[in-house]
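# Topology and contacts: notes
Residues per chain are reported as follows:
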Amino acid sequence: MTNTEIVVTGLGAMTPLGDDVQTTWDGLVSARTGVRRVTDGWVEQYDLPTKIAAPLAVEPTDILPRVQARRLDRAAQTAIIAARQAWTDAGYDTPSEEHHDVEPERLGVVIGTGIGGPHTLLAQDDLLEQNGLRKVSPLTVPMLMANASAAQVSIEIGARAGVHSPASACASGAEGIATAAMMIESGRADVVVAGGTEACIHPITVAGFVQARTLSSNEDPEAASRPFDTSRDGFVLGEGAGIVILERAEHARARGARIYGQLRGYGITSDAYHITGNHPDGIGQIGAMQQAIHSAGLTANDVGHVNAHATSTVVGDVGEARAISKAVGDHPVVTAPKGSLGHLVGGAGAVESIATLLSLRDGIIPPTRNLVELDPKIELDVVSGEARKTDVTAAINNSFGFGGHNVALLFTKD
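Since the structure is predicted, the reported quantities are computational estimates derived from the model, not experimental observations. (Residues numbered from 1 in each chain as written. Predicted model: local features only at pLDDT ≥ 70, side-chain atom pairs only at ≥ 80, totals over all residues. Heavy atoms only, no water.)

A word on the packing of aromatic side chains. Here the structure, examined in full by the defined rule, presents three aromatic pairs. Measuring from centroid to centroid gives 4.4 Å for Trp87 and Tyr92, while their planes differ by 15°, and the two rings are stacked. The same class applies to Trp87 as to Tyr92, namely buried. Grouping aromatic residues by their ring pairs yields a cluster made of Phe209, Phe235 and Phe402. When the ring centre of Tyr92 is taken as origin, the NZ or CZ atom of Arg255, which lies over that ring, is 4.0 Å away. (Phe/Tyr/Trp six-rings, centres within 6.5 Å; stacked < 30°, edge-to-face > 60°. Buried < 20%, exposed > 50% of the residue type's maximum accessible area, 1.4 Å probe, protein only. Lys NZ or Arg CZ within 6 Å of the ring centre and 35° of its normal.)

What follows is the structure in structure tokens.
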């Protein structure tokens, strides 16, 4: 990063643990689970071996006005709610009011997603096949397109500095935050609404992950997502959105904003190896973490906490653990939120960035739910059982995705 100081002034979230940041954070600290048995008829209809998922704790249609909700895919519904929370949390005016603390031409939006709007796409395809062209909604494309969430938020708040939508699989949310930082560094914006969203719990998505042998087949919702544990057997598909407000520090302080912490550095690399598998030597993951540390102007010894991507897959968790050891060392305290949240795909990196910031703020690192027996191949200090009090001042949040996308974000206390 350049010498530009970037701070986080607002947080918003919709997750399997709650419909806001505080409820989600409390759930992580107390090791609650958002994983539940799927009761939709399609599980039995298609005889899917995976019968659990981590859906939103609160339906977005219970929050949004009915007409607005009908014009948005579930991923965009979720993103807009989280963005409104973050915008208000940052001390800005409500979306319906004119805001004077930031010029529209200096305000940007970057919201990533891994898949986009599959619910809309597949529902409209069903209508076309069953009832013909006349039943297909004219809003189909604006609802299903991957940039819909970012575009809808930009329209709502009047952001004109630029709107971006990284599509980097499970690293999309984290890359959204890194891209937002680049906008501020380059001088294009003073404030950026950034993060990620995903809502893809659907029979075709579940079936695809099942066939790829990446989902857990454990039928017990309480115990299925088990990052770093010897008995882990795959991830649990979840949905949700995390949004942060990134702001040029001098701009934030001039308006007296509350500051959660700094985005001090970031690293973005690609494996160029395999469409679903990580490089066996972890070169991309190691490189992303090393870039984040270097760009922050810190050393590996300064990093006291790593919020791991750790999805609960047999190979992936070990690979990341080795990468952390090589890039940062064995000293950081590690946690894996997906034990509680499931895997939020494009929303994961953003929600887990929020958790990383709150760990720094509160001096508490949440435990990794369902970690009963640490895999002996993982030589890290992973928190399990109860949350751990600590006085960490710098932390890394890892996000990795299909296609070889690797993003590491380094946050520090303000």
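Quick look at the environment of Ala310 now. Topologically, Ala310 is positioned in the loop between strand S9 (305-307) and helix H12 (314-327). The class for Ala310 is buried, based on a relative accessible area of 1%. The sequence separation of Ala310 and Glu320 amounts to ten residues, and the corresponding C-alpha distance is 7.1 Å. If sequence neighbours within four positions are ignored, Ala310 has contacts with Pro227, Phe228, Asp317, Glu320, Ala336 and Lys338. (Helix = DSSP H or I, 4+ residues; strand = E, 2+ residues; numbered from the N terminus. Contact = heavy atoms within 4.5 Å.)

On to the packing of helix H8 (residues 172-185) against helix H14 (residues 348-362). For the pair H8 and H14, interaxial distance at closest approach is 5 Å and the crossing angle is 70°. It follows from the interaxial angle that H8 and H14 lie roughly perpendicular. On H14, the residues touching Gly173, Ala174 and Ile177 of H8 are Gly349, Ala350 and Ser353. Across the contact of H8 with H14, the residue classes break down as three nonpolar, three polar and no charged. (Axes fitted to C-alpha atoms, helices over the stretch in contact; angles between N-to-C directions. Parallel < 35°, antiparallel > 145°, perpendicular 65-115°, else oblique. Nonpolar A, V, L, I, M, F, W, Y, C, P; charged D, E, K, R; others polar.)

What follows covers the state of the cysteines. Summed over the entire model, instances satisfying the criterion amount to zero disulfides. Cysteine Cys170 is unpaired, with the sulfur of Cys200 as its nearest cysteine sulfur at 8.7 Å. Assessed through its relative accessible area of 12%, Cys170 is described here as buried. (Disulfide = S-S within 2.5 Å.)

What follows covers the pattern of salt bridges. Evaluated as defined, the whole model comprises 18 salt bridges. Linking Asp190 and Arg248 is a salt bridge whose minimum nitrogen-to-oxygen distance equals 3.0 Å. Here the residue Asp190 occupies a position in the loop between H8 and strand S6 (191-198), and Arg248 occupies one in strand S7 (residues 240-248), the gap between them amounting to 58 residues. Where salt bridges share partners, they join Glu5, Arg253 and Asp414 into one cluster. (Salt bridge = Lys/Arg side-chain N within 4 Å of Asp/Glu carboxyl O.)

The domains assigned to the protein chain are domain 1 (7-254) and domain 2 (265-412). Between the C-alpha centres of domain 1 and domain 2 there is a distance of 21 Å. Summed over both sides, the interface between domain 1 and domain 2 buries roughly 4600 Å², with carbon and sulfur atoms accounting for 69% of that surface. Here Arg232 makes a salt bridge to Asp375, at a shortest N to O gap of 3.0 Å. Joining domain 1 to domain 2, the criterion identifies 24 residue pairs in polar contact (both at pLDDT 80 or more). At the level of elements, strand S1 (6-14), helix H1 (21-29), H8, S6 and S7 are the ones that each hand at least two residues to the side of domain 1 that touches domain 2. Considering each element in turn, the side of domain 1 that touches domain 2 owes the most residues, nine residues, to H8. Grouping the constituent residues of the side of domain 1 that touches domain 2 by class yields 32 nonpolar, 22 polar and ten charged. (Domains from an automatic or database assignment. Buried area = accessible area lost by both parts, 1.4 Å probe. Polar contact = N/O pair within 3.5 Å; in protein donor to acceptor, adjacent residues only side chain to side chain.)

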